[in-house]
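Below are the chains, spelled out letter by letter.
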Amino acid sequence: MKTVLITGGNKGIGLATAEKFQQNGFLVKVVARDFSKFTLDKHDNVEAIPYDLEDLDGIPKLVSDIGTVDILINNAGIMHALPYDSYPPEKVEQILRINILSPVALIRETSRFMIKNGGGRIVNNASIAGEIGHPDIWYGITKAGLINMTKSFAKLLGPKGVVVNAVAAGPVETDMLAVIPEQRKKDIKNTVYTGRFAYAIEVAEAMYWLATGCPEYINGICIDINNGAFPR
Ligand SMILES: NC(=O)c1ccc[n+]([C@@H]2O[C@H](COP(=O)([O-])OP(=O)(O)OC[C@H]3O[C@@H](n4cnc5c(N)ncnc54)[C@H](OP(=O)(O)O)[C@@H]3O)[C@@H](O)[C@H]2O)c1
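The structure reproduced in this document is the subject of the present report. Quantities reported herein were computed from a predicted structural model and do not represent experimental measurements.

Counted by the stated rule, this structure contains 11 salt bridges. Overlapping salt bridges, with partners in common, bring together Arg 108, Glu 109 and Arg 112 in one network.

In structure tokens:
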């Protein structure tokens, strides 16, 4: 049974992804802070691991306690939606830690197992924000960083059998949208072909495919999931 580690798999896009892996017989390890509403661990093949990804120093122990990881889904992320000129330094530090520094640390630690086992898969949950700019500049910066970091790690780890890809979704119906003003939500919907935000499962399906069935030759790319909001 293959093991998948999913950060932020307790809700939103991460939960939809965890459900997909659970239903397909993977051993699913979910890392997040709050499991009070999480029920997926009633299944024998799902384990909830409470952990705050801001604690970068603890990540090597977190991963060595988990053991072999075949697939890493770097999904956890936050957005503050604060103006660039009054963004408290501690919030900058927090978003950098959660959105970019912890994914790098998790790739570093889990890829040791993958290389030892002859290969593995990594999927990073970036965002359209990293492609077109975002009013929360640090959110956009971290997501652009994830896309570039995906290419770097594909180059470094591809020769060792590890396939590293990303997804960049436009707005998705999850709790994260709560911080976006209503007018901006309306404006964004007007740019989408079918006038709605994505469902979590639509992003989960893409991440699942990148982590399982996608050919090895698809390595270092980022799949846009935006239904016309940013055609290119
Ligand atoms: N919703 C969108 O419009 C959208 C669009 C494109 C990309 N994305 C990306 O998709 C990913 C998932 O977001 P979502 O939309 O599903 O939002 P969400 O429902 O708010 O989920 C965010 C997840 O990140 C986890 N998380 C946050 N801080 C954490 C920390 N310090 N330690 C461990 N886990 C932490 C949360 O769990 P806890 O709070 O319990 O720790 C939660 O599971 C994010 O990376 C986001 O940037 C979202």
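Between helix α3 (residues 89-116) and helix α5 (residues 137-157), whose axes approach to 10 Å, the crossing angle comes to 15°. Relative to α5, the element α3 is oriented roughly parallel. Of the two elements, α3 crosses α5, and the hand of that crossing is right-handed. Between α3 and α5, the contacting residues are Val 92, Ile 95, Leu 96, Asn 99, Ile 100, Pro 103, Val 104, Ile 107, Ser 111 and Ile 115 on the first element and Trp 138, Tyr 139, Thr 142, Lys 143, Gly 145, Leu 146, Met 149, Phe 153 and Leu 157 on the second. Residue composition of the contact of α3 with α5, grouped by class: 14 nonpolar, four polar and one charged.

Attention shifts here to a nonpolar patch on the surface. A cluster of nonpolar side chains, namely Tyr 84, Ile 137 and Ile 141, defines an oily patch on the protein surface of about 300 Å² accessible area. Residue classification places Ile 137 among the partly exposed positions, given a relative accessible area of 31%.

We now examine unusual backbone geometry. The phi angle at Ala 81 is positive, at roughly 55°, despite the residue not being glycine. As for its position among the elements, Ala 81 is in the loop between β4 (71-74) and α3. For Ala 81, a relative accessible area of 35% corresponds to the partly exposed category. Although it is not a glycine, Asn 227 sits at a positive phi angle of roughly 50°. Take Asn 227: it is sitting in the segment after β7 (222-225).

Let us look at the packing of aromatic side chains. Using the criterion set out here, one finds four aromatic pairs in the structure. Judged by centre distance (6.1 Å) and plane angle (85°), the ring pair of Phe 26 and Tyr 208 falls under edge-to-face. Residue Phe 26 is found in the loop between α1 (12-23) and β2 (27-32), and its partner Tyr 208 is found in helix α7 (residues 200-211); the two are separated by 182 residues along the sequence. When sorted by exposure, Phe 26 lands in the same class as Tyr 208, which is buried. Within the aromatic cluster, the residues linked to one another by ring pairs are Phe 21, Phe 26 and Tyr 208. Lys 20 extends its terminal NZ or CZ atom over the ring of Tyr 208, reaching a point 5.1 Å from the ring centre. One Lys or Arg, Lys 189, reaches over the ring of Phe 197 and ends 4.7 Å from the middle of that ring.

Quick look at the pairing of β2 now. Burial of β2 is extensive: five of the six residues sit out of reach of the surface. With five bridges joining them, strand β1 (residues 3-7) and β2 adopt parallel strand pairing. Bridge assignment links Ile 6 to a residue of β2, and that residue is Val 30. In this fold, β1 hands off to α1, which returns the chain to β2; that crossover is right-handed. Looking at chain direction, β2 and strand β3 (residues 46-50) are connected through five bridges and run parallel. Counted as the bridge partner of Lys 29 is Glu 47 from β3.

Here we come to the nonpolar core. Within the largest apolar cluster, 31 residues are counted, with the highest numbers of intra-cluster contacts made by Val 4, Phe 21, Val 28, Ile 73 and Val 203. Looking at this core, the elements with two or more residues in it are β1, α1, β2, β4, β6 (162-169) and α7. Of all the elements, α7 adds the most residues to this core, at eight residues. Each residue touching Val 28, except ones within four places of it in the same chain, is listed here: Val 4, Ile 6, Ala 18, Phe 21, Gln 22, Asn 45, Val 46 and Glu 47. Residues Leu 62, Phe 113, Ile 147 and Leu 157 belong to the second largest nonpolar core, which totals 29 residues.

Calculation rules
Each chain carries its own residue numbering, running from 1 in the written order of its sequence. The model is predicted, so local features are restricted to residues of pLDDT at least 70 and side-chain atom pairs to those at 80 or more, both for listing and for counting; the totals for chains, interfaces and linings are taken over all residues. With hydrogens and water set aside, each side-chain value is computed from the structure's full complement of heavy atoms. Put simply, a salt bridge is a Lys or Arg side-chain nitrogen that is within 4 Å of an Asp or Glu carboxyl oxygen. Axis definition: a line fit to C-alpha positions, over the contact stretch in the case of helices; interaxial angles, taken between N-to-C directions, run 0 to 180 degrees. The helix and strand labels rest on DSSP assignments: H or I over at least four residues marks a helix, E over at least two residues marks a strand, and numbering proceeds from the N terminus. In these notes the angle categories are as follows: under 35 degrees is roughly parallel, over 145 is roughly antiparallel, 65 to 115 is roughly perpendicular, and the rest is oblique. Rotating anticlockwise by less than a right angle from the far helix to the near helix defines a left-handed crossing, while the corresponding clockwise rotation defines a right-handed one. Any pair of residues with heavy atoms lying within 4.5 Å of one another is described as a contacting pair. The nonpolar class holds Ala, Val, Leu, Ile, Met, Phe, Trp, Tyr, Cys and Pro. Asp, Glu, Lys and Arg form the charged class, and all remaining residues, Gly among them, are polar. Residues forming no salt bridge and having over 30% relative accessible area are the ones grouped into patches, like charges within 9 Å of each other and nonpolar side chains (Val, Leu, Ile, Met, Phe, Trp, Tyr) within 5 Å. Only the protein chains shown count as cover for residues, with accessible areas throughout obtained via the Shrake-Rupley method and a probe of 1.4 Å. The rule is simple: take the accessible area with a 1.4 Å probe, protein chains only, and divide by the maximum for that residue type; under 20% is buried, over 50% is exposed, in between is partly exposed. Each pair of aromatic rings taken from Phe, Tyr and Trp, with Trp reduced to its six-membered ring, is defined by centres within 6.5 Å and is described as stacked if the planes are under 30 degrees apart, edge-to-face if over 60, and tilted in the remaining cases. A ring is scored as having a charge over it whenever the NZ atom of a lysine or the CZ atom of an arginine sits within 6 Å of its centre and within 35 degrees of its normal. Paired strands are those between which DSSP finds at least two bridges. Place the viewer so that the strands point away; then a crossover is right-handed whenever the path from the first strand over the helix to the second strand goes clockwise. We define the nonpolar core as a collection of buried residues of types Ala, Val, Leu, Ile, Met, Phe, Trp, Tyr and Cys that are connected through side-chain atoms lying within 4.5 Å of one another.

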